[in-house]
Amino acid sequence: MTSLADQAIAWKDNHLVLLDQRKLPGVVQYVDCHEVADVIHAIKDMVVRGAPAIGVTAAFGVVLAARMRFRQSADNWQQVIEQDLHELLLARPTAVNLKWAVEKMRAKFSGISNEDPEQSLLHAAERIHQEDIHANKTLGNFGAELLRGGSAVLTHCNAGALATGGYGTALGVIRSAFAQKKITTIYADETRPWFQGTRLTAWELLQDKIPVTLICDSAAASLMRQKQLSWIIVGADRVASNGDVANKIGTYSLAVMARQHNVKFMVAAPTSTIDMQINSGDEIEIEERSNKELTTVHNQEIGPHKVGVWNPVFDITPAEFVTALVTEKGVIESPNSSKIKELMKS
Ligand code: MRU
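So, here is what we can say about the structure in this document.

Rules behind the numbers
- Residues numbered from 1 in each chain as written.
- Predicted model: local features only at pLDDT ≥ 70, side-chain atom pairs only at ≥ 80, totals over all residues.
- Heavy atoms only, no water.
- Pairing = 2+ DSSP bridges.
- Helix = DSSP H or I, 4+ residues; strand = E, 2+ residues; numbered from the N terminus.
- Axes fitted to C-alpha atoms, helices over the stretch in contact; angles between N-to-C directions.
- Near = heavy atom within 4 Å.
- Polar contact = N/O pair within 3.5 Å; in protein donor to acceptor, adjacent residues only side chain to side chain.
- Areas by Shrake-Rupley, 256 points an atom, 1.4 Å probe, with all protein chains shown as cover.
- Nonpolar A, V, L, I, M, F, W, Y, C, P; charged D, E, K, R; others polar.
- Expected span 1.5 Å × (residues − 1).
- Bend = angle between axes of the 7 residues up to and from the residue.
- Contact = heavy atoms within 4.5 Å.

1. Notes on the sheet that holds strand 3 (residues 30-33)
Part 1 of the argument: Ordered by their spatial adjacency, three strands build an open sheet running 1-2-3, and the pairing between neighbours is antiparallel. Two strands in the sheet have a free side with no partner beyond their single neighbour: strand 1 (9-12) and strand 3. For this sheet, the mean angle separating the axes of adjacent strands, direction not counted, is 25 degrees.
Part 2 of the argument: Judged from the four bridges that link them, strand 2 (residues 15-19) and strand 3 form a sheet pairing that is antiparallel. Counterpart to Leu19 in the pairing with strand 3 is Tyr30.

Shown next, in the form of structure tokens:
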């Protein structure tokens, strides 16, 4: 049976329907997107979040943009739509899947001449969605092969079905390994400031009857010191061509702590998250979000009004800290430029 998390992005009755991740786990509610502006707002405001999920959503956003622009002006919609794509690309800067999906959709519509583009673009978006689920299942199995029986694992943020087309990347590996009875305990970081771990990872796993133990982010070092943790398993928002990884803030500190405590560090991501156009993580734009994410909880102020805030929501983990990069095309141990180049050619 498909879970609610697996149906977080759906095309129904000629529009896009998104499970509102801002409201979980307390309220299960959906947001209807009839226009590309609704999709841009949903990505910016994190109705939908997680790199592959943002990519899939953007692909459907292009369908809505093309529908509107073709109706307004069948002659030059391919030029007019560029402004929509530009705004879509600005919605969130770090996850490369957004750019990847928009470029795929642009390549699709450049091949269409004067006919109504909606059906063929919808088909392309659905394909991007299905291929992401397939990639996650494949990489989930590859990642699970790396785990020995009796493993305790820690994950950060939410890299599950909610963050992807379905099944998940880091949680895809964890799902597969759990089904193979290789996992004893799954620890999830709460993931300040937006609480993706508490609100989404815990909810998603419990929906599937997979037990999970929540820790506050700052308990991770003690966890590594006191318990037999085998792997830290995370997703990625962008992997540079040298293997540096942009992911949720706090990932880098986990990787450093993992090195200190001899815990292996796995990054699970589809190849749509690998950006071959950049040489290293230094070139990745790190999104900074509103002060309110730190100074309020559930709209309740917890910090003084005028306090200064720095809120980068991603960080860069240098490739040297990564034990294995797991993709649908295969696994790279100790990733570097030449290994990634080889993988991307296959
Ligand atoms: O700010 P978010 O919630 O969009 O950040 C998401 C993450 O950092 C995920 O770990 C990443 O996108 C991988 S999702 C499979």
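2. Some points on the site of the ligand
Part 1 of the argument: Near the ligand lie 19 residues; those nearest to it are Arg49, Arg92, Asp237, Asn247 and Lys248.
Part 2 of the argument: At 2.8 Å from an oxygen atom of the ligand is found a side-chain nitrogen or oxygen belonging to Gln196.
Part 3 of the argument: Lys248 places a polar side-chain atom, nitrogen or oxygen, 2.7 Å from an oxygen atom of the ligand.
Part 4 of the argument: A total of 410 Å² of accessible area belongs to the ligand in isolation, and the protein chains cover 99% of it.
Part 5 of the argument: For the shell around the ligand, the elements supplying multiple residues, two or more each, are helix 2 (51-72) and strand 9 (245-248).
Part 6 of the argument: Across the shell around the ligand, the residue classes tally to eight nonpolar, seven polar and four charged.

3. Side note on helix 3 (residues 77-90)
Part 1 of the argument: If you check helix 3, its first and last C-alpha atoms are 20 Å apart, about what 14 residues at 1.5 Å a residue would give, namely 20 Å.
Part 2 of the argument: Of all bends in helix 3, the biggest is about 25 degrees, found at Gln83.
Part 3 of the argument: In the core, the buried residues of helix 3 are packed alongside helix 1 (36-44), helix 2 and helix 4 (97-110).

Scope: geometric values only; no functional claims are made or implied.
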